[in-house]
Amino acid sequence: MTTNASNRLGLLPPYLFAAIDAAKKAALDKGADIISLGVGDPDLPTPPHIISAGQAALAKPSNHQYPFGAGLLSFRQAVSNWYKSRFQVELDPACEIYSLIGSKDGLTHLPLAFLNPGDTAIVPEPAYPAYNASILLAGGKTHFVPLREENGFLPDLAAIPSAVLAGAKLFYVNFPSNPLSVTAPRSFYEKLVALAREHGFLVVHDAAYSEMYYEEPPLSFLQIPGAKEVGIEFHSCSKTYNMTGWRVGWVCGNADAVRVLGRLKDNYDSGVFQAVQEAAVAALAGSQSCVADMRRLYKERRDLFVPRLRALGWNVTNPPATFYVWAHTPAGVSSAKTAERLLNEAHIVCTPGNGFGPTGEGYVRFALTVPPARLEQALQRIGKMAW
Ligand SMILES: *Cc1c(COP(=O)(O)O)cnc(C)c1O
């Protein structure tokens, strides 16, 4: 027997969070009171009306069989209605929406469906590491575009060589951004649609955080005229309805692209558990007051954490969206060293910014996924550290 991993797995970049994971485990083993601001997973339960719908759906024998394919028509209809009321975007449930086992399922299978070996995908960074990993696993090449603070953390489209744009098959964007927290203005999406038309690449917008905002509601990429001809958008119940464990999301937009991804997925999985789809229908079609409550909760945490962190001398922008705080490290201290010292001296877990790409060096990401009293404690501990 051989247990050697494939060459394909060997293509993956080193896992930059391994050191911090090991240090966290060691501290926990010693009984340390760890405050985890590392992983972006909501700490509150799924709202009760969604759980009830899921429980009722669980008891129905018709839901116990393979779900297969694009998903229940009722699910796709609920997505279509939600898009119409939230974004004024029309989506045809028959061919422009496909259910996913969480949006990560679709995002990571996408390169296998679209890239031939050696094909290029453009990925702005710092970004969700799964984009690059799945491009490499599919035999593709990633062209990274740096997201810099002086450009409002938007990709500088004019700086991308036209040969790269002409050769690219996919162009990923993610607004509101994990880990950068920023949203993109309409003018950015308009330029991106024009570029996609000119060069023929597919725009892939990850909109997982579209409902977690504290200022203007973020746009859907599909609101831009012509967007549906050149792109698709990924969405998820995970962050909007505290449903990360349920695994339900969808891809929508360009019907040909949705069909291609669906064809690939039909060979890999057998769909989203229908009881979970019915719970998602309850989430999308029900009252959205739980979403407003979620925003209020994270805004309170943001308004507690950010000003106090600034008062301690940290250079932080106030996030307009998401539950992430993207903070400059103290002057002259690397991302890895900052994360290591926060863990060892304050028992706080954060994520080193360079784990999201080289342009993230000099930053750390805090996820505001603990109650205010814990954030208070975290701030007190940070306040005692000397850099
Ligand atoms: C959390 C997150 C998602 C959602 O993942 P699911 O598979 O839907 O749970 C997608 N993209 C980004 C950038 C995320 O942070």
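Look a little higher up for the structure.
Residues numbered from 1 in each chain as written. Predicted model: local features only at pLDDT ≥ 70, side-chain atom pairs only at ≥ 80, totals over all residues. Heavy atoms only, no water.

A.B. asks: Is there a simple way to explain the nonpolar core in this structure?
C.D. replies: Inside soluble globular proteins, nonpolar side chains tend to come together where they are buried. If you look at the biggest cluster of nonpolar residues, it comprises 98 residues, and the most contacted ones within it are Tyr 83, Tyr 241, Trp 250 and Phe 366. The dominant element in this core, judged by the number of residues it contributes, is helix 12 (residues 289-311), at eight residues. For this core, the two domains that each supply at least three residues are domain 1 (7-45 + 289-383) and domain 2 (48-285). If sequence neighbours within four positions are ignored, Tyr 83 has contacts with Gln 88, Val 89, Leu 91, Ser 220, Leu 222, Glu 233, His 235, Trp 250 and Cys 252. The next biggest cluster of nonpolar side chains, apart from the first, holds 21 residues, and it includes Leu 100, Ala 121, Val 123 and Phe 234. (Core = buried A, V, L, I, M, F, W, Y, C linked by side-chain atoms within 4.5 Å. Buried < 20%, exposed > 50% of the residue type's maximum accessible area, 1.4 Å probe, protein only. Helix = DSSP H or I, 4+ residues; strand = E, 2+ residues; numbered from the N terminus. Domains from an automatic or database assignment. Contact = heavy atoms within 4.5 Å.)

A.B. asks: I tried to follow the sheet that holds strand 9 (residues 324-328) on my own but got confused; where do I start?
C.D. replies: Reading across from one edge, 9-12-11 is the order of the three strands in this open sheet, with antiparallel pairing throughout. Where the open sheet ends on each side, the last strands, each with one partner, are strand 9 and strand 11 (351-352). Pairing of strand 9 with strand 12 (residues 363-367), which is carried by five bridges, proceeds in the antiparallel orientation. By the bridge assignment, Ala 327 is partnered in strand 12 with Val 364. Taken strand by strand, helix 13 (residues 335-346) contacts strand 11 and strand 12, and its axis lies near 45 degrees from that of strand 12. (Pairing = 2+ DSSP bridges. Axes fitted to C-alpha atoms, helices over the stretch in contact; angles between N-to-C directions.)

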